[in-house]
Amino acid sequence: MIDLKFTVNGEKVTLKVPGAKRLLDVLREDLGLLSVKEGCSKGECGACSVIFNGKVVNSCMVLACQADGSEVTTLEGLSKDGHLDPLQEAFIQTGAVQCGFCTPGFIVAGRALLNRNPHPSDEEIKDGLSGNLCRCTGYQKIVTAVKLATEKDGSDV
């Protein structure tokens with residue numbers, strides 16, 4: 001067991017976890033953050049995407065011990081004071097939610113993109129979301145949602 005201290009969605013947490021436990025499992029099992037989905041478990045689908053020290057990572061590929069001292073943001077951490085993030089609102093408005101399984105990963109990846117580039121081009125949006133897969137329909141509504149979010153806030157959120 002290792003002592004793990006890190007910040008999740010703005011709150012400091014301290015846990016004792018097995019050394020080989022994945023960040024995905026700590027977030028879901030120990031912290032109850034169920035927006036982080038287990039999809040492929042190989043880092044290919046993006047369903048488990050979180051913002052890790054400002055960058056999008058697949059939490060299934062991160063050992064919990066690597067999170068010690070880090071800052072992690074999940075979908076649950078994007079809304080503030082009872083208000084959805086503008087990107088979450090844009091997903092709803094454009095119908096980009098689809099079946100919902102991949103949606104948290106797309107929103108987290110989109111938020112990380114908008115945090116570093118508030119006005120991305122279509123190609124930059126597609127590139128920023130390229131680590132996330134949707135098996136329902138297509139990606140146009142998701143790209144449209146990210147574009148709409150740039151119009152709603154276009155700044156730091």
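Structure shown above.
Below you will find a few notes about this structure. For clarity, every value in this text was computed on a predicted model and none was experimentally measured.

Quick word on the packing of helix 3 (residues 103-116) against helix 5 (residues 140-152)
Link 1 in the chain: Contact geometry of helix 3 with helix 5 gives a least axis separation of 11 Å together with a crossing angle of 40°. With respect to their mutual orientation, helix 3 and helix 5 come out oblique. Helix 3 and helix 5 meet at a crossing whose hand is right-handed. Taken together, the residues of helix 5 that come into contact with helix 3 (itself represented by Phe-106, Leu-113 and Leu-114) are Ile-142, Val-146, Ala-149 and Thr-150.
Link 2 in the chain: Taken together, the residues that form the contact of helix 3 with helix 5 break down as six nonpolar, one polar and no charged.

Side note on the layout of surface pockets
Link 1 in the chain: Here the largest pocket is characterised by a volume of approximately 150 Å³.
Link 2 in the chain: As for the largest pocket, its lining consists of Gly-46, Ser-49, Gly-54, Lys-55, Val-56, Val-57, Asn-58, Ala-109, Arg-116, Gly-128, Gly-131 and Asn-132.
Link 3 in the chain: Only strand 4 (55-58) and helix 3 provide two or more residues apiece to the lining of the largest pocket.
Link 4 in the chain: At four residues, the largest contribution of residues to the lining of the largest pocket is made by strand 4.
Link 5 in the chain: Grouping the constituent residues of the lining of the largest pocket by class yields three nonpolar, seven polar and two charged.

Considerations on the environment of Lys-42
Link 1 in the chain: Mapped onto the fold, Lys-42 is located in the loop between helix 1 (23-30) and strand 3 (49-52).
Link 2 in the chain: Residues Lys-42 and Asp-122 lie 80 residues apart in sequence; the distance between their C-alpha atoms is 27 Å.
Link 3 in the chain: Not counting residues up to four positions away in its chain, the partners in contact with Lys-42 are Cys-60 and Met-61.

Considering helix 1
Spacing of three or four residues puts side chains on the same side of an α-helix, whose turn is 3.6 residues.
Link 1 in the chain: Within the span of helix 1, buried status applies to Leu-23, Leu-24, Asp-25, Val-26 and Leu-27.
Link 2 in the chain: One or two steps after helix 1, the chain reaches Gly-32, where phi turns positive at roughly 70°.

Parameters and conventions
- Counting restarts for each chain: residues are numbered from 1 in the order of the written sequence.
- Given that the model is predicted, a residue must reach a pLDDT of at least 70 before its local features are reported, and side-chain atom pairs must reach 80 or more before they are shown or counted; all residues, however, enter totals for whole chains, interfaces and linings.
- Heavy atoms from the whole structure form the basis of all side-chain values; hydrogens and water molecules are not counted.
- For helices, the fitted line uses only the C-alpha atoms of the stretch in contact; every axis is such a line through C-alpha atoms, and the angle between N-to-C directions lies from 0 to 180 degrees.
- Runs of H or I in DSSP of at least four residues are treated as helices and runs of E of at least two as strands, each being numbered from the N terminus.
- When describing relative orientation, an angle under 35 degrees is termed roughly parallel and one over 145 degrees roughly antiparallel, while 65 to 115 degrees is termed roughly perpendicular and anything else oblique.
- A crossing counts as left-handed when the near helix is turned anticlockwise from the far one by less than a right angle, and as right-handed when that turn is clockwise.
- It only takes one pair of heavy atoms within 4.5 Å for two residues to be counted as in contact.
- The nonpolar class holds Ala, Val, Leu, Ile, Met, Phe, Trp, Tyr, Cys and Pro. Asp, Glu, Lys and Arg form the charged class, and all remaining residues, Gly among them, are polar.
- The definitions used throughout rest on a 1 Å grid laid over the protein atoms alone, on which a cavity is an enclosed set of points accommodating a 1.4 Å probe that cannot get out and a pocket is an open set flanked by protein within 12 Å on both sides along at least five of seven lines; lining residues are those having an atom within 4 Å of a point.
- Grid points are joined across faces, edges and corners, and a volume is the space filled by probe spheres set on the points.
- Each residue is placed in one exposure class: buried if its accessible area under a 1.4 Å probe, protein chains only, is under 20% of its type's maximum, exposed if it is over 50%, and partly exposed if it falls in between.

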